[in-house]
Amino acid sequence: MESLSDSAIMEKVRDGQVEKLAILFERHHVKIFNLFLRLTGSHNLSEDLVQDVFIRILKYRSTYEGKGKFTVWMYRVARNVHVDHLRKNKGTYNLEDQFEEPESEEDSPMHALEQKKDKELIQKALSQLPVKKREALILSRFQDMKYKEIAELFGCREGTIKANIHRAVKQLGEIYLELQGGVPS
Amino acid sequence: MTCKKTQEMFTEYLTGRLSKKEREEIQTHVAECDTCRRELESLTEIWTKLGVLEEERPSDRLRTRFYSMLEQYKQAEEEIVRKEKKGLFSRLKNLWPRKPVFQFALTLGMLVMGLVIGNVWTVIPQQEAVNKALVDEVQTMRQSLAVSLIDQDSASERLQGINMSYTLVNPDDKLLDKLLSTLNSDPSVNIRLAAVEALYLFHDHPKVKKGLIDSLSQQSSPMVQAALIDLMVSIRERRAVDALKSLLEEEGVNPEIKDRAEQGIKRLSF
Amino acid sequence: MKKTIKKNIQFLGIALVILMAGGFLYAQDKAADKATVPFSNPDEPGLVKVGVQHGSIIVTGYNGKEVMVEARVREKLVKEEEIERNEKARGLKLVQVDSTGLRVLEDENVMRISVSSSKQTVDLSIRVPYSTSVSIRAYENGDVKVENVNGEIEVTNQEGNIDLTGISSAVVAHAYEGEIKAVFKSVSPDLPMSFTSWEGDIDITLPAATKANLKIKSGQGEVYTDFDLQIVRNPDEGFDFDSDKLKNLKRENLRNFYYLNPPEVPAVPVVVSGESIENLAVSIRDARGIARGEYYDISFNRYIYARINGGGPVYVFSNNEGDILLRKAK
């Protein structure tokens, strides 16, 4: 089995071998899913958005230039999918369906409850960060993207990204504190 | 190391992207500076807290959806190419000879995009279609359609024809000539304007460049003149300078247009 | 210069009074020339072509199968005293016919209506079957008004206003000095439209659910709308300073805008001088200009590309001096 780079595979998809997109799906869909999960806090919504990303990659395959990393291009599509979703739904996520997570069987009821609350709280705080700061933070913290790549994705300087992330973390701290009712954890 | 410099490096400190030396520098500063220490601590706290959010897995539905979507797409593509070939031939016949009555039923979408396959897919397989020869054939047909639309009595149809030419990748002389002659002699200002805009896409073509420059002296509507001047400047066509200069000397030209022509000459002359 | 679109037009409870320049009210004693002409094939939609050099034109749709024309002379443009008299005619009276010179020619459902309006102002009032399409040209001393016509409408008015109401198909309209106002009952699902004006405002009311791609250029005026505009990254900006590959990508974007059901275009951030250009429509900028912090003159403004309700056929709105108002029908 030939091991091809993402970019090479995408070029094949662009040039007609549409079925090869499956390889890219298998390689990346979990990451993209988690990106959306952190951005939106909702499992179901995130699955929808992942599907949207791959639909767009197909629709847009003719525009793939093969310049730079495939993942940066893919994240670009993902960002647009997210932005379009926000536009259509004018910003506020439905907080009710935010936290339908699969049951965790192992933990004791008390421990599980605490953990769940913790998770909910920090995710909620994250969801309240302004979009751009949220994106930059998530890409850096959870998607392991280098600042250079994030800067390329956003179309700005590396220094701007670092400053954004700094502010994002700070602001997140403030929001988290507020949500906790001012009691430090 | 200053507080400012230290704080600038905090983000990288958090993501572990600093060299040993840099980390030591920060730790030294932070040991002495209360403000920075507190800042770093609170940042670290949140950063660590975020670790609670673990990577999760999507449900099986996601994979199923993806694969079924991919399959549909493949089939749809093949379907579009097949339908286009059939559909275009029969419809083209109805357009000749030219009818004087506006054709309400002409839906461009149906003709060239095979939208009616009832699927989500609206992408036109251009360069990436299955058979290159087929693609070329489809392009040629689409082009003939555009040319014949531009000939119609109905302004709306002429507009459709021009809009269609936007979608052609490699128009041949016939279409370019049509667009140029529309630019110079269509009775409707709106249509001439649309022709300018469409020719913008093909400005690389030497015939188009020359045609656009020559057209400047033929236009009487300020709207079209303005659009042409705009176009010349934005494509940096220095050969237009002479034509712009003659415009300045012409009588009866709207003073605002003369203004723009002057500005255009300036822009093109540096 | 960044163009921002002002949302939320405030509708005050003020009725719009449309001022008609060049009267539709004329003295009762002026005789009217009339004609009633059927189409060759009355069960098929017809086309009416009409033009005046000086005068106004009103076209009204009605529930009938024939075209009914009324023409009246409003005033002579050359006074009797000003006419240069033939020397040999001394002692003779000048005969002047108060006739409009109305002519109607019909051929295969295309009806051409004309009047003598070079030395006099003539007002035309035409009633047509609802499904008729019209092609109208007016030059001076009058407005053009079309009401309740379901066919396609093409209008050019050099000096006066264009007022279209109760229409439901596609419009291609140009006013040089005057205003264009159009209120649509419904729109054709796939025909493109174009509204261009040099000086006057363009004020268009569309059904709230209209699906369309909009190309809007308002040279020196403003753009107002209460539609939810989905701005598409300006697909034709900065062409020349890019690499061939990027140029092709942008050509692709522009092409995509013209497909009937266009898909979304992923934003391509253009980095110039370390500054990013946001995902908004912007006017064209000289790359050098950006580096220097200057922008192009407003006269080289480019179009705003946007979609409403997901997109559809392309509607062009282009104005030099006036404003563009795009309203949702309530």
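Residues numbered from 1 in each chain as written. Chains lettered and ligands numbered in written order. Predicted model: local features only at pLDDT ≥ 70, side-chain atom pairs only at ≥ 80, totals over all residues.

### A short note on the overall build of chain C
How we decide: Starting at the N terminus, helices and strands are each numbered in turn, a helix being any DSSP run of H or I of at least four residues and a strand any DSSP run of E of at least two. Burial is judged by counting the other C-beta atoms within 10 Å of a residue's own C-beta: 20 or more makes it buried, 12 or fewer makes it exposed, and any count in between marks it as partly exposed, with every C-beta position built from the backbone. A residue pair is marked as a contact if its C-beta atoms, positioned from the backbone, fall within 7 Å.
The secondary structure content of chain C amounts to two helices and 22 strands. A total of 330 residues make up chain C; the buried ones form 45% of that total. Long-range pairs, those at least 24 residues apart, make up 63% of the contacts in chain C between residues at least 6 apart in sequence.

### Side note on the overall build of chain B
From N to C terminus, chain B includes 14 helices and zero strands. A total of 270 residues make up chain B; the buried ones form 38% of that total. Looking at chain B alone, contacts between residues at least 24 apart form 63% of all its contacts between residues at least 6 apart.

### So, the packing of helix H9 (residues 173–185) of chain B against helix H10 (residues 189–201) of chain B
All names here are of chain B. To keep things clear, this is the line we draw: Helix axes use the C-alpha atoms of the stretch in contact, all axes being lines fitted to C-alpha atoms, and the angles between their N-to-C directions lie in the range 0 to 180 degrees. Should the near helix be turned counterclockwise from the far one by less than a right angle, the crossing is left-handed, whereas a clockwise turn marks it as right-handed.
Following both chains from N to C, one finds H9 and H10 inclined at 140 degrees, their axes separated by 8 Å at the closest point. When the axes of H9 and H10 are compared, the crossing they make is left-handed. The segment H9 lies against H10, with Leu179, Thr182 and Leu183 engaging Ile191, Arg192, Ala195, Val196, Ala198 and Leu199.

### Digging into helix H2 (residues 21–40) of chain A
We count it as follows: Here the bend at a residue means the angle between the axes of two seven-residue stretches, the one that ends at it and the one that starts at it.
Along its length, H2(A) shows its largest kink, about 50 degrees, at A:His28. One or two residues past the end of H2(A) sits A:Gly41, with phi positive at roughly 80 degrees.

### Concerning the confidence of the model for chain C
All names here are of chain C. Worth spelling out the cut-off: One number per residue, pLDDT, summarises how confident the predictor is, and it ranges from 0 to 100.
Taken residue by residue, chain C gives an average pLDDT of 73. The fraction at 70 or more is 68%. Here residues 1–29 is modelled with pLDDT under 50, and outside its nearest four sequence neighbours on either side it reaches 36 contacts, counting other chains as well. Ignoring residues within four places in sequence, the model shows residues 260–301, a span with pLDDT below 50, making 93 contacts including any to other chains.

### Observations concerning the environment of B:Leu212
Residues and elements named next belong to chain B. Position of Leu212 among the secondary structure elements: in helix H11 (residues 206–216). For Leu212, a count of 25 C-beta atoms within 10 Å translates into the label buried. The spacing of Leu212 and Leu228 is 16 residues in sequence and 7.2 Å in space, taken between C-alpha atoms. Those residues within four positions of Leu212 in sequence are excluded, and the remaining contacts are Leu199, Leu228 and Leu231.

### Notes on the pairing of strand E22 (residues 324–328) of chain C
Residues and elements named next belong to chain C. Quick note on the threshold: By this definition, two strands are paired if DSSP reports at least two bridges between them.
Here strand E14 (residues 202–206) pairs with E22 via five bridges, running parallel. The partner of Leu206 across the bridge, within E22, is Lys328. Looking at chain direction, strand E16 (residues 223–225) and E22 are connected through three bridges and run parallel. Considered in E22, the bridge of Thr225 is made with Leu326.

### With respect to the pairing of strand E9 (residues 153–157) of chain C
Residues and elements named next belong to chain C. Most of E9 is tucked away, with five of its five residues classed as buried. Of the strand pairs in this sheet, E9 and strand E11 (residues 171–175) are connected by five bridges, and their pairing is parallel. Residue Thr156 lies in a different strand from E11, and its bridge partner there is His174.

### Details of the confidence of the model for chain B
The pLDDT averaged across chain B works out to 77; a share of 78% of its residues lies at or above 70. Contacts for the low-pLDDT stretch residues 89–130 of chain B, under 50 throughout, to residues beyond four places or in other chains number 82 contacts.

### Examining helix H6 (residues 131–141) of chain A
A large share of H6(A) lies buried, amounting to eight of its 11 residues. Every buried residue of H6(A) is listed here: A:Arg134, A:Glu135, A:Ala136, A:Leu137, A:Ile138, A:Leu139, A:Ser140 and A:Arg141.

### With respect to unusual backbone geometry
All names here are of chain C. Even without being glycine, Asn109 reaches a positive phi, approximately 70 degrees. Assignment of secondary structure puts Asn109 in the loop between strand E4 (103–107) and strand E5 (110–114). For Asn309, which is not a glycine, the phi torsion comes out positive at approximately 50 degrees. With respect to the helices and strands, Asn309 occurs in the loop between strand E20 (304–308) and strand E21 (314–319). A tally of 15 C-beta atoms within 10 Å means that Asn309 is categorised as partly exposed.

### A closer look at the packing of H6(A) against helix H8 (residues 158–180) of chain A
The axes of two packed helices give the description: the angle between them and the distance between them. All names here are of chain A. We count it as follows: We call two directions roughly parallel when the angle between them is under 35 degrees, roughly antiparallel when it is over 145, roughly perpendicular when it lies between 65 and 115, and oblique otherwise. Throughout, the ten residues Ala, Val, Leu, Ile, Met, Phe, Trp, Tyr, Cys and Pro are labelled nonpolar, Asp, Glu, Lys and Arg are labelled charged, and all others, Gly among them, are labelled polar.
One way to put it is that H6 packs onto H8 with a least axis distance of 9 Å and a crossing angle of 100 degrees. When the axes of H6 and H8 are compared, the pair comes out roughly perpendicular. Taken together, the residues of H8 that come into contact with H6 (itself represented by Lys132, Lys133, Arg134, Ala136, Leu137 and Ser140) are Ile161, Asn164, Ile165, Arg167, Ala168, Val169 and Gln171. Its residues placed into classes, the contact of H6 with H8 shows six nonpolar, three polar and four charged.

### A look at the environment of A:Leu121
With respect to the helices, strands and loops of the structure, A:Leu121 is situated in helix H5 (residues 109–127). Among residues more than four places away in sequence, those in contact with A:Leu121 are A:Tyr176, A:Leu179 and A:Gln180.

### So, the environment of B:Asn190
By the element assignment, B:Asn190 lies in helix H10. Sequence separation between B:Asn190 and B:Ser156 is 34 residues; the distance between their C-alpha atoms is 10.0 Å. Apart from the residues within four sequence positions on either side, B:Asn190 is in contact with B:Ala155, C:Val172, C:His174, C:Ser194 and C:Thr196.

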